Amino acid sequence: AQSVAQPEDQVNVAEGNPLTVKCTYSVSGNPYLFWYVQYPNRGLQFLLKYITGDNLVKGSYGFEAEFNKSQTSFHLKKPSALVSDSALYFCAVREGRGSTLGRLYFGRGTQLTVWP
Amino acid sequence: SQTIHQWPATLVQPVGSPLSLECTVEGTSNPNLYWYRQAAGRGLQLLFYSVGIGQISSEVPQNLSASRPQDRQFILSSKKLLLSDSGFYLCAWSNPFVGENGEQYFGPGTRLTVT
C-alpha cells in the first residue's frame, strides 16, 4: 500500500536562507511523487513531480525536490526562501502504474513559515 | 487550457439542512473527479471519486453522497448536515489516460460551516 509521511508539522526559516521540507514514502513498485502548495483558504497548487529520470526535479517558484530511492525520500528544497513561500506544503504519492484512477495519497502537510 | 470551478465559495448552513456543492471542469473530456475534505486546515481526506458519468466510489461512510450527472460535473450532497461536516471541501480532476503520470488539479474550494 502507498503512504507518505511528512515528519515535521512546522518548519520555520529566515528569508534568504535555504529551506527543506521533508517527505518519506512507502510504495509497492516505482514511485510517482508530487509536491503541492496551499495558501490560506485556497485550493492546492501543483509544484512538481518525480516520475523517472534525474533525481533532482525542478518545479514552480524556484522549488526543487530530490528523489532518493535508498532513503525513500522526496524532500522539497529551495536555495533562498521568500516570505511569500509561507504556506502549507503537501507531499503525495500516486497509485501505481496500471491504475487509471490515479489516486493520490497525501501526507498530513507541513506548515512553512518564512520570517523576514 | 483546463479550468476547474467550485461553488459556492463559502456556505453557512444550520444542522439538519441539506447540502449541494458543485464542481465543474472545462477544457477536458472524461476526467477522473475527486471530492476531498480538509478539516482544521491540514490533512486531506478523500471522500468520493468518479471515473465516469454515474460511476461513484465512496471512501468514507458518512451522511454525504456524490453524483456525476454529466461528464464534467461532480456534485457533493447531504440530506441532513451534521456539525462534523464543517470543513473545506476541495474538488479535483486528473487525466485518466494510462501513461499519464497524472497530477491532480484542484479547484478553489468551498468553506462549509455548519452551525
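Residues numbered from 1 in each chain as written. Chains lettered and ligands numbered in written order. Predicted model: local features only at pLDDT ≥ 70, side-chain atom pairs only at ≥ 80, totals over all residues. Heavy atoms only, no water.

## A closer look at the pairing of strand β9 (residues 73–78) of chain A
Residues and elements named next belong to chain A.
And then number 1: Of all six residues making up β9, five are buried, and the element is well covered by its neighbours.
And then number 2: In this structure, strand β3 (residues 19–21) lies alongside β9, joined through three bridges in antiparallel fashion. Directly across from Leu19, in β9, lies its bridge partner Lys78.
And then number 3: Taking the residues that link successive antiparallel strands as the turn, the strand β8 (residues 64–68)-β9 hairpin has four residues, and the phi of Thr72 there is positive, at about 45°. (Buried < 20%, exposed > 50% of the residue type's maximum accessible area, 1.4 Å probe, protein only. Helix = DSSP H or I, 4+ residues; strand = E, 2+ residues; numbered from the N terminus. Pairing = 2+ DSSP bridges.)

## Things to note about the interface of chain B and chain A
And then number 1: The interface is formed by 26 residues belonging to chain B together with 26 residues belonging to chain A.
And then number 2: When chain B packs against chain A, the two sides together hide about 2,100 Å² of surface, and 52% of this comes from carbon and sulfur.
And then number 3: Counting across the chain B and chain A interface gives one salt bridge.
And then number 4: With a closest N to O distance of 2.8 Å, B:Glu103 and A:Lys49 form a salt bridge.
And then number 5: Summed over the shared surface of chain B and chain A, the result is four residue pairs in polar contact (both at pLDDT 80 or more).
And then number 6: Those elements that provide at least two residues to the side of chain B that touches chain A are β4 (32–38), β5 (44–52) and β9 (87–94) of chain B.
And then number 7: When grouped by side-chain class, the residues that make up the side of chain B that touches chain A number 12 nonpolar, nine polar and five charged. (Contact = heavy atoms within 4.5 Å. Buried area = accessible area lost by both parts, 1.4 Å probe. Salt bridge = Lys/Arg side-chain N within 4 Å of Asp/Glu carboxyl O. Polar contact = N/O pair within 3.5 Å; in protein donor to acceptor, adjacent residues only side chain to side chain. Nonpolar A, V, L, I, M, F, W, Y, C, P; charged D, E, K, R; others polar.)

## Here we look at the pairing of strand β12 (residues 110–115) of chain A
All names here are of chain A.
And then number 1: Of the pairings in the sheet, the one linking strand β2 (residues 10–14) to β12 comprises five bridges and is parallel in character. Pairing of Val11 across the sheet is with Leu112, part of β12.
And then number 2: Relative to β12, strand β10 (residues 87–94) is paired through three bridges, and the arrangement is antiparallel. Within β12, the position partnered with Ala87 by the bridge is Leu112.

## Quick word on the pattern of salt bridges
One side chain can pair with another of opposite charge once the charged atoms of both are near each other.
All names here are of chain B.
And then number 1: The full count for this structure, using the stated rule, is six salt bridges over all chains.
And then number 2: Linking Asp85 and Arg37 is a salt bridge whose minimum nitrogen-to-oxygen distance equals 3.7 Å. Of the two residues, Asp85 sits in the loop between β8 (73–78) and β9 while Arg37 sits in strand β4, which places them 48 residues apart along the sequence. The residues Asp85 and Arg37 share a single accessibility class, namely buried.
And then number 3: Salt-bridge contacts for Arg68 lead to Asp71; the nearest nitrogen and oxygen are separated by 3.3 Å.
And then number 4: Given the relative accessible area of 3%, Arg68 is considered buried.

## Quick word on the sheet that holds β8(B)
Residues and elements named next belong to chain B.
And then number 1: Taken in spatial order, the four strands make up an open sheet running β1-β3-β8-β7, and their pairing is antiparallel. With partners counted over all chains shown, the strands left at the sheet margins are β1 (3–7) and β7 (64–70), one partner each. The mean angle between the axes of side-by-side strands here comes to 20°, regardless of whether they run parallel or antiparallel.
And then number 2: Relative to strand β3 (residues 19–26), β1 runs antiparallel, the two being bridged by five bridges. By the bridge assignment, Thr3 is partnered in β3 with Glu26. (Axes fitted to C-alpha atoms, helices over the stretch in contact; angles between N-to-C directions.)

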